[in-house]
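# Structural overview for review
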Amino acid sequence: AQSVTQLDSQVPVFEEAPVELRCNYSSSVSVYLFWYVQYPNQGLQLLLKYLSGSTLVKGINGFEAEFNKSQTSFHLRKPSVHISDTAEYFCAVLSAGNMLTFGGGTRLMVKP
Amino acid sequence: GAVVSQHPSRVICKSGTSVKIECRSLDFQATTMFWYRQFPKKSLMLMATSNEGSKATYEQGVEKDKFLINHASLTLSTLTVTSAHPEDSSFYICSGGTNNEQFFGPGTRLTVL
């Protein structure tokens, strides 16, 4: 069975500072990994995904993530955050049958 | 990317009534769709897998008679919350997709009074 762990439930950060949201997964097969962002009372929006190829994946809104197979991690990073980045972020792994398994989420709180 | 819509976006109902939520794939066909429930400040909890033309597969602990799922066409899945009670109040999200990616609907906020 696959599982996803997001180690930080909340990450407070000041505006224009860099941020890293951590994600670790467990899987016995090849993985497809995703990061989603959710704004209040809205659905999920795909930030980026790793399917294969380059381990450094660039997404929307200036976010990027690096797939590290040896550490079973897929941490999300942004070099300089904005107030508008305040949201809930979910890491997920795709399993058989196109089913997504989500981490518990990380609330990014950007302060002025 | 592909688009998934949900209707309604928000519904308030009295206890004991049934509520139907629709999930549509607008520009692709989805033989499989997924229904999630999300509690405040929590992650998404998979409720069931909706299979076009066959019975849905429910996750452990999800009452199939409470949450009726119908997937009658390749672009529409419906979730009916029967005899809703206040504890059913939640944010319900559906998804559908192709190989390697799922696309999410905007969610439906259900409030049962």
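Summarised in this report is the structure supplied together with it. (Residues numbered from 1 in each chain as written. Chains lettered and ligands numbered in written order. Predicted model: local features only at pLDDT ≥ 70, side-chain atom pairs only at ≥ 80, totals over all residues. Heavy atoms only, no water.)

### Overview of the overall build of chain B
Of regular secondary structure, chain B possesses zero helices and 11 strands. Mapped in sequence order, the helices and strands of chain B form the string β-β-β-β-β-β-β-β-β-β-β. For 113 residues, the compact-globule estimate of 2.2 N^0.38 gives 13 Å, and the C-alpha radius of gyration of chain B, at 13 Å, lies within 12% of that figure. For chain B, the residues scored as buried account for 50% of the 113 residues in total. Carbon and sulfur atoms provide 51% of the accessible area of chain B, an area that totals close to 5,500 Å². (Helix = DSSP H or I, 4+ residues; strand = E, 2+ residues; numbered from the N terminus. Rg over C-alpha atoms; globule rule 2.2 N^0.38 Å. Buried < 20%, exposed > 50% of the residue type's maximum accessible area, 1.4 Å probe, protein only. Areas by Shrake-Rupley, 256 points an atom, 1.4 Å probe, with all protein chains shown as cover.)

### What to know about the state of the cysteines
Put plainly, a disulfide is one covalent bond tying together the sulfur atoms of two cysteines. Per the counting criterion, the structure on display carries two disulfides over all chains. The disulfide bridge from cysteine 23 of chain A ends at cysteine 91 of chain A, spanning 2.0 Å between sulfur atoms. Here the S-S torsion is close to -65°, and the disulfide linking cysteine 23 of chain A with cysteine 91 of chain A is therefore left-handed. Taken together, the positions of cysteine 23 of chain A in the loop between β3 (19–21) and β4 (24–26) and cysteine 91 of chain A in strand β10 (residues 87–95) put the pair 68 residues apart, joining distant regions of the chain. Judged on exposure class, the residue cysteine 23 of chain A and its partner cysteine 91 of chain A are both buried. One disulfide bridge connects cysteine 23 of chain B with cysteine 94 of chain B, the sulfur atoms lying 2.0 Å from each other. (Disulfide = S-S within 2.5 Å.)

### Focus on the packing of aromatic side chains
Within the structure shown, the criterion is met by 12 aromatic pairs over all chains. Pairing tyrosine 36 of chain B with phenylalanine 104 of chain B gives two aromatic rings, centres 5.9 Å apart and planes at 45°, and the pair type is tilted. Taken as a pair, tyrosine 36 of chain B in strand β4 (residues 32–38) and phenylalanine 104 of chain B in strand β10 (residues 101–104) lie far apart in primary sequence, 68 residues in all. Overall, phenylalanine 104 of chain B belongs to the buried group, its relative accessible area being 10%. Both rings, one in phenylalanine 67 of chain B and one in tyrosine 92 of chain B, keep their centres 6.3 Å apart while their planes meet at 45°; by these two values the pair is tilted. Linking phenylalanine 67 of chain B in strand β7 (residues 67–73) with tyrosine 92 of chain B in strand β9 (residues 90–98), this pair joins segments that are 25 residues apart in sequence. Put simply, the rings of Phe34, Tyr36, Phe90 and Phe102 of chain A together with Tyr36 and Phe104 of chain B pair up and form one aromatic cluster. The ring centre of phenylalanine 14 of chain A lies 4.7 Å from the NZ or CZ of lysine 111 of chain A, which sits over that ring. (Phe/Tyr/Trp six-rings, centres within 6.5 Å; stacked < 30°, edge-to-face > 60°. Lys NZ or Arg CZ within 6 Å of the ring centre and 35° of its normal.)

### Some thoughts on unusual backbone geometry
Note that the residue after histidine 7 of chain B, namely proline 8 of chain B, is joined by a cis bond; omega there is 0°. Here proline 8 of chain B is to be found in the loop between β1 (4–7) and β2 (10–13). Even without glycine at this site, glutamate 16 of chain A takes up a positive phi of about 75°. Structurally, glutamate 16 of chain A is set in the loop between β2 (10–14) and β3. Backbone geometry at serine 83 of chain B places phi at a positive 45°, although glycine is not the residue there.

### Overview of the interface of chain B and chain A
Listed by partner, the interface residues are 21 residues for chain B and 21 residues for chain A. Summed over the three residues of chain B that lose the most area to chain A, namely Asn100, Glu101 and Phe104 of chain B, the buried surface amounts to 32% of that side. One can count one salt bridge joining chain B with chain A. We note a salt bridge from glutamate 101 of chain B to lysine 49 of chain A, for which the minimum N-O separation is 2.3 Å. On the surface where chain B and chain A come into contact, there are five residue pairs in polar contact (both at pLDDT 80 or more). Of all elements in the fold, only β4, β5 (44–51), β9 and β10 of chain B reach the threshold of two or more residues within the side of chain B that touches chain A. (Contact = heavy atoms within 4.5 Å. Buried area = accessible area lost by both parts, 1.4 Å probe. Salt bridge = Lys/Arg side-chain N within 4 Å of Asp/Glu carboxyl O. Polar contact = N/O pair within 3.5 Å; in protein donor to acceptor, adjacent residues only side chain to side chain.)

### Some remarks on the layout of surface pockets
For the largest pocket, the calculated volume is near 300 Å³. Taken together, 17 residues line the largest pocket, and the ones lying closest to its centre are Gln38, Pro40, Asn41 and Arg107 of chain A together with Lys41 of chain B. By residue number, the principal contributor to the lining of the largest pocket is β10 of chain A, which donates three residues. The residue makeup of the lining of the largest pocket, split by class, is seven nonpolar, five polar and five charged. The volume enclosed by the second largest pocket comes to roughly 150 Å³. (1 Å grid on protein atoms, 1.4 Å probe; cavity = no way out; pocket = protein on both sides within 12 Å on 5 of 7 lines; lining within 4 Å. Points joined across faces, edges and corners; volume = space filled by probe spheres on them. Nonpolar A, V, L, I, M, F, W, Y, C, P; charged D, E, K, R; others polar.)

### Let's talk about the sheet that holds strand β8 (residues 76–81) of chain B
All names here are of chain B. Read across the sheet, four strands follow the order β1-β3-β8-β7 without closing on themselves; strand pairing throughout is antiparallel. In this open sheet, the two edge strands, each paired with only one partner strand, are β1 and β7. Sheet twist, expressed as the average angle between the axes of neighbouring strands with direction ignored, equals 15°. Bridge analysis of β7 against β8 gives five bridges, and the strand direction is antiparallel. Bridge pairing links serine 73 to leucine 76 in β8. (Pairing = 2+ DSSP bridges. Axes fitted to C-alpha atoms, helices over the stretch in contact; angles between N-to-C directions.)

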